Amino acid sequence: MTTATESPRRNGVDTATLFATIDAVKGQKEIAKFQFRASNTWVSGTHSRSTASDFFGAMQELRHKSDTVVEFDHPEVLVGTDHGPTPVEYLLHAIAACLTAGVANIAAARGVELTKVTSTVTGDIDLLGILGLSDGSVRNGYEQIRVAFTIEGDADEETLRGIVEQSRRRSAVYDVLVNPTPVAIDVICA
């Protein structure tokens, strides 16, 4: 007779694999080094297309199960053709998704069953900076980003707030936004 064992899942998170990953990294820290990549191709005007397919992680080259293709553009009011959100809008999606993934993992690790997690992210930007009309007094990027979470689960308010706070503290996207990250730009002219 064969006995099947199910991996415990909470909030869609395989908690056994989550804890096994943490233990593996504790035992061999070099497997924690990852490199994510995106390639982008200009289509026309402000429209471009990015693809994510391969990355380095756990000391090896890996591929996603399928390539992800993302369209970027500007709305017509910003001289685009509106084939997709602007790059700065994708940044808002990135912080929302990163924080939400953290919430799911942390809640699962703490044994909290979630029933609802939604967020609204807003970012204020002044185009005077991007358009070069501010004499350097207005930054090019967001002046402020706000994230509002609605979270429900089988825990009290203090615990749910603590889960969101821990997700913020561990979020890679949040870290990139609030701390200077060196960006190197190389140009190859063909």
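Structure shown above.
What you are looking at is a predicted structure, and each value in this text was computed from that prediction instead of being measured.

Draft legend 1. A look at the pattern of salt bridges. In total, this model carries 10 salt bridges according to the counting rule given. Here Arg 168 and Glu 165 are joined by a salt bridge, their closest N and O atoms 2.5 Å apart. You can see Arg 168 and its partner Glu 165 sitting in helix α4 (residues 157-170), 3 residues apart, about one turn around the helix. When its relative accessible area of 31% is taken as the criterion, Glu 165 is described as partly exposed. One salt bridge connects Glu 165 with Arg 169, and the closest N-O pair in it is separated by 3.8 Å. Placement of the pair is Glu 165 and Arg 169 together in helix α4, with a separation of 4 residues, close to one helical turn. Residue class for Arg 169 comes out partly exposed when judged on its relative accessible area of 45%. Several salt bridges converge on common partners, so that one network encompasses Arg 37, Asp 54 and Glu 61.

Draft legend 2. Broad picture of α4. Counted at 1.5 Å a residue, the expected span for α4 with its 14 residues is 20 Å, and the 20 Å between its end C-alpha atoms agrees. Along α4, the residues classified as buried are Leu 160, Ile 163, Val 164, Gln 166 and Ser 167. Down the axis of α4, the smallest arc covering the buried residues is 160°, so these residues share one side. In α4, the exposed positions that point more than 90 degrees away from the buried face belong to Glu 157, Glu 158 and Arg 161. Where α4 is buried, its residues meet α2 (87-109), β7 (114-124) and β8 (144-153).

Draft legend 3. Focus on the nonpolar core. Grouped together as the largest cluster of nonpolar side chains are 9 residues: Val 103, Ile 106, Ala 107, Val 112, Leu 114, Ile 151, Leu 160, Ile 163 and Val 164. Secondary structure elements with two or more residues in this core: α2 and α4. The residues contacting Val 112, other than those within four sequence positions of it, are Arg 10, Asn 11, Ala 107, Asp 154, Ala 155, Thr 159, Leu 160 and Ile 163. Within the second largest apolar cluster, 6 residues are counted, among which are Leu 92, Ile 95, Ala 96 and Val 121.

Draft legend 4. Layout of unusual backbone geometry. A positive phi angle, near 60°, is found at Asn 11, a position not held by glycine. Positionally, Asn 11 belongs in the loop between β1 (9-10) and β2 (13-14). On the accessibility criterion, Asn 11 (22% relative accessible area) is partly exposed. Of note in this structure, Val 79 is not a glycine but carries a positive phi near 70°. Along the chain, the position of Val 79 falls in the loop between β6 (60-72) and α2. Residue classification places Val 79 among the exposed positions, given a relative accessible area of 72%.

Draft legend 5. The arrangement of the packing of α2 against α4 in detail. Running from amino to carboxyl end, α2 crosses α4 at an angle of 125°, the nearest separation of the two axes being 8 Å. By the angle between their directions, the pair α2 and α4 is classed as oblique. Considering only the axes of α2 and α4, their crossing is right-handed. In this structure, α2 contributes Cys 98, Leu 99, Gly 102, Val 103, Ile 106 and Ala 107 to the contact, and α4 contributes Ile 163, Val 164, Gln 166, Ser 167 and Arg 168. Within the contact of α2 with α4, the residues separate by chemical class into 7 nonpolar, 3 polar and 1 charged.

Draft legend 6. Representation of the pairing of β6 in the model. Examined bridge by bridge, strand β5 (residues 47-57) and β6 share 9 bridges and lie antiparallel to one another. What sits directly across from Phe 55, in β6, is Leu 62. Between the end of β5 and the start of β6, which pair antiparallel, lie 2 residues, with Ala 58 showing a positive phi angle near 55°.

Draft legend 7. Up close: a nonpolar patch on the surface. A cluster of nonpolar residues, Val 77, Leu 78, Leu 127, Leu 128, Ile 130, Leu 131 and Leu 133, forms a patch on the protein surface that exposes about 650 Å² of accessible area. Position of Ile 130 among the secondary structure elements: in helix α3 (residues 127-130). The class for Ile 130 is partly exposed, based on a relative accessible area of 48%.

Cut-offs and rules
Residues numbered from 1 in each chain as written. Predicted model: local features only at pLDDT ≥ 70, side-chain atom pairs only at ≥ 80, totals over all residues. Heavy atoms only, no water. Salt bridge = Lys/Arg side-chain N within 4 Å of Asp/Glu carboxyl O. Helix = DSSP H or I, 4+ residues; strand = E, 2+ residues; numbered from the N terminus. Buried < 20%, exposed > 50% of the residue type's maximum accessible area, 1.4 Å probe, protein only. Expected span 1.5 Å × (residues − 1). Arc of directions from axis to C-beta. Contact = heavy atoms within 4.5 Å. Core = buried A, V, L, I, M, F, W, Y, C linked by side-chain atoms within 4.5 Å. Axes fitted to C-alpha atoms, helices over the stretch in contact; angles between N-to-C directions. Parallel < 35°, antiparallel > 145°, perpendicular 65-115°, else oblique. Left-handed = near helix turned anticlockwise from the far one by under 90°. Nonpolar A, V, L, I, M, F, W, Y, C, P; charged D, E, K, R; others polar. Pairing = 2+ DSSP bridges. Patch = residues over 30% accessible without salt bridge, like charges linked within 9 Å, V, L, I, M, F, W, Y side chains within 5 Å. Areas by Shrake-Rupley, 256 points an atom, 1.4 Å probe, with all protein chains shown as cover.

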